[in-house]
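The residues making up each chain are set out below.
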Amino acid sequence: MSLLLELANKYGSDKGSRPDLRTSFGDHLYTNVYEELFEHRRKEPLNILEIGLEKTGTSLEAPSLSMWREYFPEAIIFGYDCRDFSGFKQYNTFTFKGDQSKITDLENFAATMCNNLDIVIDDGSHISKDQQISLGTLFKYMNTNGLYIIEDLCWQPSPDFPKTADVLRNFITTKKIQSSFLSLNICEYLNENIKNVEIRKPGGCEMGVIIKK
């Protein structure tokens, strides 16, 4: 068992394989992909943002932030959620209350908390529009070779189109981001600055991995 999988299960993150957190899609097992992507950078002083912190527990708990804290000892960890997690306390970890569908909230996060991100993990609403607005807004604040990851592409509750999974697959084929949720200028910026896109499915649901040039 990988270290990240152990930590996910230890803290109760659904990114691992705990039976009590299993969904209709089965185990997510995202930690298997994360171990591959992150292991060589574990001891670096990274800036890491996770969107979406805890769906069922209290705002005093943020399992994935606890997992990242132990895995990345030198990193600064940021959490972004529509609920107030200011009561959650751990070393070098900061939370921000905001709506990921609102550009003003996302820009305010960058202005007040961090504008040079190394890793972004979107585990928020899972709504395609929200995912694409977050990507379009935050990607310019990512460092070179930064990783922007969107979880749960298999479960997108809104009927809005285009679906994020389709947008990412289209980029793999055409090298172009096409989204009615984003302005032409933002799409052009993404097209010019995305180095690579991969769709991974380590467990029951897909995730998108986007690398910045």
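Figured I'd write up the structure that's included with this text. What you are looking at is a predicted structure, and each value in this text was computed from that prediction instead of being measured.

Considering empty space enclosed by the protein
And then number 1: Within the structure shown, the criterion is met by 2 cavities of 30 Å³ or more.
And then number 2: Put simply, the second largest cavity is a space of about 30 Å³.
And then number 3: Residue lining of the second largest cavity: Gln-132, Leu-135, Ile-150, Thr-164, Val-167, Leu-168, Ile-177 and Leu-182, and that is the complete set.
And then number 4: Among the secondary structure elements, those contributing two or more residues to the lining of the second largest cavity are helix H5 (128–138) and helix H6 (164–174).
And then number 5: A per-element tally of the lining of the second largest cavity places H6 first, with 3 residues.

What to know about the packing of aromatic side chains
And then number 1: Summed over the entire model, instances satisfying the criterion amount to 12 aromatic pairs.
And then number 2: Ring geometry for Phe-78 and Phe-109: centres 5.8 Å apart, planes at 85 degrees, overall edge-to-face. Linking Phe-78 in strand E2 (residues 76–81) with Phe-109 in helix H4 (residues 103–112), this pair joins segments that are 31 residues apart in sequence.
And then number 3: Taking relative accessible area as the criterion, Phe-78 reaches 5% and is therefore assigned buried.
And then number 4: Ring centres of Tyr-80 and Phe-109 lie 6.0 Å apart, and the angle between their planes is 75 degrees; on these two criteria the pair is classed as edge-to-face. Placement of Tyr-80 in strand E2 and of Phe-109 in helix H4 is noted, with a sequence separation of 29 residues between them.
And then number 5: What links up through ring pairs into an aromatic cluster is the set Tyr-34, Phe-38, Trp-68, Tyr-71 and Phe-72.

Overview of the pairing of strand E5 (residues 142–150)
And then number 1: In this structure, strand E4 (residues 117–122) lies alongside E5, joined through 5 bridges in parallel fashion. Residue pairing in the sheet places Ile-121 in a bridge with Ile-149 of E5.
And then number 2: After leaving E4, the chain enters H5 and then returns to the sheet as E5, a path that is right-handed.
And then number 3: Strand direction decides the pairing type here: E5 and strand E7 (residues 207–212), joined by 4 bridges, are antiparallel. Note on E7: the bridge partner recorded for Tyr-148 is Ile-210.

Reading the values: rules and limits
- Residues numbered from 1 in each chain as written.
- Predicted model: local features only at pLDDT ≥ 70, side-chain atom pairs only at ≥ 80, totals over all residues.
- Heavy atoms only, no water.
- 1 Å grid on protein atoms, 1.4 Å probe; cavity = no way out; pocket = protein on both sides within 12 Å on 5 of 7 lines; lining within 4 Å.
- Points joined across faces, edges and corners; volume = space filled by probe spheres on them.
- Helix = DSSP H or I, 4+ residues; strand = E, 2+ residues; numbered from the N terminus.
- Phe/Tyr/Trp six-rings, centres within 6.5 Å; stacked < 30°, edge-to-face > 60°.
- Buried < 20%, exposed > 50% of the residue type's maximum accessible area, 1.4 Å probe, protein only.
- Pairing = 2+ DSSP bridges.
- Right-handed = clockwise from strand over helix to strand, strands pointing away.

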